[in-house]
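One-letter residues, chain by chain:
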Amino acid sequence: MSSLSRTCPEFLIVGGGVIGLSIAYELAGRGHQVLVVEKGALGQEASWAGAGLLPPANEKEAWDPQEQLRGLSHRLFPEWSARLKAETQIDNQFEVSGGLYLARDPGEAASLRMACVHYEEEGVEVQRLNPQQLAERFPHLQTGQPIRDAVYLPGEAVVRNPRHLQALVQGCRNRGVEFIENTQITRWRFQAEQLASVEINGQVVSPAVCCLATGAWSQLLTDQVLDHGNFSGRMQRPEIEPIRGQLVLLDAGQRFFTSPINEGVRYIVPRQDGLVLVGATVEEAGFDKSTTPEAIEDLTQFARQWVPRLADAKQVKAWSGLRPASVDRIPYLGQLPGMANVYLAAGHYRSGLHLSPATATVMSQLMCGETPQIDLHPFRVNRA
Ligand SMILES: Cc1cc2nc3c(=O)[nH]c(=O)nc-3n(C[C@H](O)[C@H](O)[C@H](O)COP(=O)(O)OP(=O)(O)OC[C@H]3O[C@@H](n4cnc5c(N)ncnc54)[C@H](O)[C@@H]3O)c2cc1C
């Protein structure tokens, strides 16, 4: 059992997914002492399982705080990727790949049109493609099926999330962040609406500030903390549930297309080395992370329908991850009610990778006593 070098860190981050690691990286970059406690291995849950799609956004035109968060993240992602690469020599394979969106049924077409209106209002470039343009620009695509709508978003980007996590872990280490893995907090001690100390591996640790970044498991912790604090039962508690997403990885041998293909909630994402990720289901299955043969077969067939050249691609592996979903699908970013030095950053649902640099920026500002550059009211923890 490893012992801690510091028992009074300025910041204790609970949870080592992309959200916790990004916050730790940002805080350490500001010169703070940070300790991260992770119940398993760092970066192996939803953040590892996800696809790494980063849809376009425009910070300059965004007026709504949610869009501002996306816009800020979209600007920061290339900057963070370049900085992490320079600091760690780990390439997270961030690239502006463009993204193709297709709709076959009327429901999908209506959702796609609404999304496009939204993008255009924010000054995000949207290219509507007619069948001839689609066939010319995407020759690998099976266009012989009835397609109601086809849209290309040139500003969409992708990141290879497992590599991004490796880079974040190394970047944190370089900045002096201390990690403790395979460990959970066994005791929380509160004093006058403050977290006074916690017990980790039998050691008492007294952080000045604690941030819960525990993804789909967050409600288990917030309930525990709020039960201790001066929390009025009339206030709304944060609610986060796990939503399972299954994916399958195919090996196409070499890369023959570069833009991810999206239809509804499913997508086909070409990696740089010829691997192709196909996802994802959206299921309520509690904390069960198993995969089902039906879902994997369905995803494989989906990919082969759109990209016939994948017919011979071998299945490399299949897995699932648990998206942390708040009831309104908006992340919680803020202080826990009745608890002066405990914060929550969780519930990013399908966009946690995308939103991670902006989340780290605004949470660090908030926890350092500054006014966050984005109004965090819509993300408050006790919203109804
Ligand atoms: C199939 C799938 C596809 C996705 N695709 C995309 C995508 O294309 N783009 C995108 O932006 N997002 C995507 N997402 C969403 C994204 O992955 C999540 O929103 C994001 O990873 C959430 O990050 P997190 O750090 O909050 O959670 P996690 O990565 O789950 O990290 C939480 C960590 O907290 C730890 N923890 C939990 N409880 C405790 C405890 N008591 N003590 C210590 N540690 C604890 C866990 O072990 C875990 O390591 C996808 C998700 C899935 C599942």
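Another point: the overall build of the protein. Within the protein one finds 9 helices and 20 strands. Here the protein has a C-alpha radius of gyration of 21 Å; the compact-globule value for 384 residues is 21 Å, and the two agree. Referenced to the eigenvectors of the C-alpha coordinate spread, the extents of the protein come out at roughly 65 × 40 × 40 Å. Considering only contacts in the protein between residues 6 or more positions apart, those separated by 24 or more positions represent 75%.

The next subject is the pairing of strand E17 (residues 275–279). With respect to burial, E17 is a largely interior element, 4 of its 5 residues being buried. Taken together, the 5 bridges between strand E14 (residues 240–251) and E17 define a ladder with antiparallel strand orientation. Counted as the bridge partner of Leu247 is Gly279 from E17. Strand direction decides the pairing type here: strand E16 (residues 266–270) and E17, joined by 4 bridges, are antiparallel. From the neighbouring strand, Pro270 faces E17, where its bridge partner is Val276. Taking the residues between adjacent antiparallel strands as the criterion, E16 and E17 are bridged by 4 residues, where Gly274 takes a positive phi near 95°.

Moving on to helix H4 (residues 106–121). The α-helix advances 3.6 residues per turn, and as a result positions three or four apart in sequence lie on the same side. Taking 1.5 Å per residue as the helical rise, H4 with its 16 residues ought to reach 22 Å, and the 23 Å between its terminal C-alpha atoms agrees with that figure. One or two steps after H4, the chain reaches Gly123, where phi turns positive at roughly 75°.

Quick look at the packing of helix H1 (residues 18–29) against helix H9 (residues 352–367) now. Where H1 meets H9, the closest approach of the two axes is 8 Å, and the angle between their N-to-C directions is 40°. Viewed along their axes, H1 and H9 adopt a mutual orientation that is oblique. When you trace H1 past H9, the crossing you get is right-handed. Only Gly352, Leu353, Ser356, Pro357, Thr359, Ala360, Thr361, Met363 and Ser364 of H9 make contact with H1, whose side of the interface consists of Val18, Ile19, Ser22, Ile23, Tyr25, Glu26 and Leu27.

Right, let's get into the domain arrangement of the protein. Taken domain by domain, the protein holds domain 1 (11–90 + 161–239 + 328–379), domain 2 (99–154) and domain 3 (240–326). The C-alpha-based centres of domain 1 and domain 3 are spaced at 27 Å. With 22 residues of domain 1 in contact, the opposing surface of domain 3 contributes 19 residues. Those elements giving two or more residues to the side of domain 1 that touches domain 3 turn out to be helix H2 (46–49) and helix H7 (218–228). For the side of domain 1 that touches domain 3, the per-class residue count stands at 11 nonpolar, 6 polar and 5 charged.

Taken together, 41 residues sit near the ligand, with Gly15, Gly17, Gly215, Gly245 and Gly352 positioned nearest. Every element with two or more residues in the shell around the ligand is listed here: H1, H2, E14, strand E18 (314–326) and H9. Counted by class, the shell around the ligand contains 18 nonpolar, 18 polar and 5 charged residues.

For the rest of this paragraph, the subject is the sheet that holds strand E11 (residues 194–200). The strand order across the open sheet built from 3 strands is E10-E11-E12, with neighbouring strands paired in antiparallel fashion. The outermost strands of the open sheet, each flanked by one partner alone, are strand E10 (185–191) and strand E12 (203–205). Adjacent strand axes in the sheet meet at a mean angle of 25°, parallel and antiparallel pairs treated alike. Where E10 meets E11, 6 bridges bridge the pair, whose relative direction is antiparallel. Directly across from Ile185, in E11, lies its bridge partner Ile200.

Moving on, we come to the environment of Asn382. Inspection of the secondary structure puts Asn382 in the segment after H9. Look at Asn382 and you get partly exposed, because 18 C-beta atoms sit within 10 Å. Distance from Asn382 to Met235, taken between C-alpha atoms, is 6.4 Å for residues 147 residues apart in sequence. Residues contacting Asn382, with those up to four places away along its chain left out, are Met235, Gln236 and Pro337.

With an omega dihedral of -20°, the bond running from Gly279 to Ala280 counts as a cis peptide bond. Mapping Ala280 onto the fold places it in the loop between E17 and helix H8 (293–306). A positive phi angle, near 45°, is found at Ala192, a position not held by glycine. Mapped onto the elements of the fold, Ala192 is located in the loop between E10 and E11. Taking the C-beta count within 10 Å as the criterion, Ala192 has 7 such neighbours and is therefore assigned exposed. If you check the backbone angles, Arg329 has positive phi at about 65° while not being a glycine. Mapped onto the elements of the fold, Arg329 is located in the loop between E18 and strand E19 (332–335).

A few words on the nonpolar core. With 110 residues, the main nonpolar core has Ala24 and Cys211 as its most contacted residues. Those residues within four positions of Cys211 in sequence are excluded, and the remaining contacts are Phe11, Ile13, Ile23, Tyr343, Ala345, Met363 and Met367.

Here we take up H1. Over its 12 residues, H1 runs 16 Å from end to end, which matches the ideal 16 Å to within 8%, given 1.5 Å per residue. Counting buried positions along H1 gives 11 out of 12 residues, so the element sits mostly inside the fold. For H1, every residue scored as buried is listed here: Val18, Ile19, Gly20, Leu21, Ser22, Ile23, Ala24, Tyr25, Glu26, Leu27 and Ala28. Gly31 sits one or two positions beyond H1 and adopts a positive phi of about 95°.

What counts as what
- Residues numbered from 1 in each chain as written.
- Predicted model: local features only at pLDDT ≥ 70, side-chain atom pairs only at ≥ 80, totals over all residues.
- Helix = DSSP H or I, 4+ residues; strand = E, 2+ residues; numbered from the N terminus.
- Rg over C-alpha atoms; globule rule 2.2 N^0.38 Å.
- Contact = placed C-beta atoms within 7 Å.
- Buried ≥ 20, exposed ≤ 12 C-beta atoms within 10 Å, placed from the backbone.
- Pairing = 2+ DSSP bridges.
- Expected span 1.5 Å × (residues − 1).
- Axes fitted to C-alpha atoms, helices over the stretch in contact; angles between N-to-C directions.
- Parallel < 35°, antiparallel > 145°, perpendicular 65-115°, else oblique.
- Left-handed = near helix turned anticlockwise from the far one by under 90°.
- Domains from an automatic or database assignment.
- Nonpolar A, V, L, I, M, F, W, Y, C, P; charged D, E, K, R; others polar.
- Near = placed C-beta within 6 Å.
- Core = buried A, V, L, I, M, F, W, Y, C linked by C-beta atoms within 7 Å.

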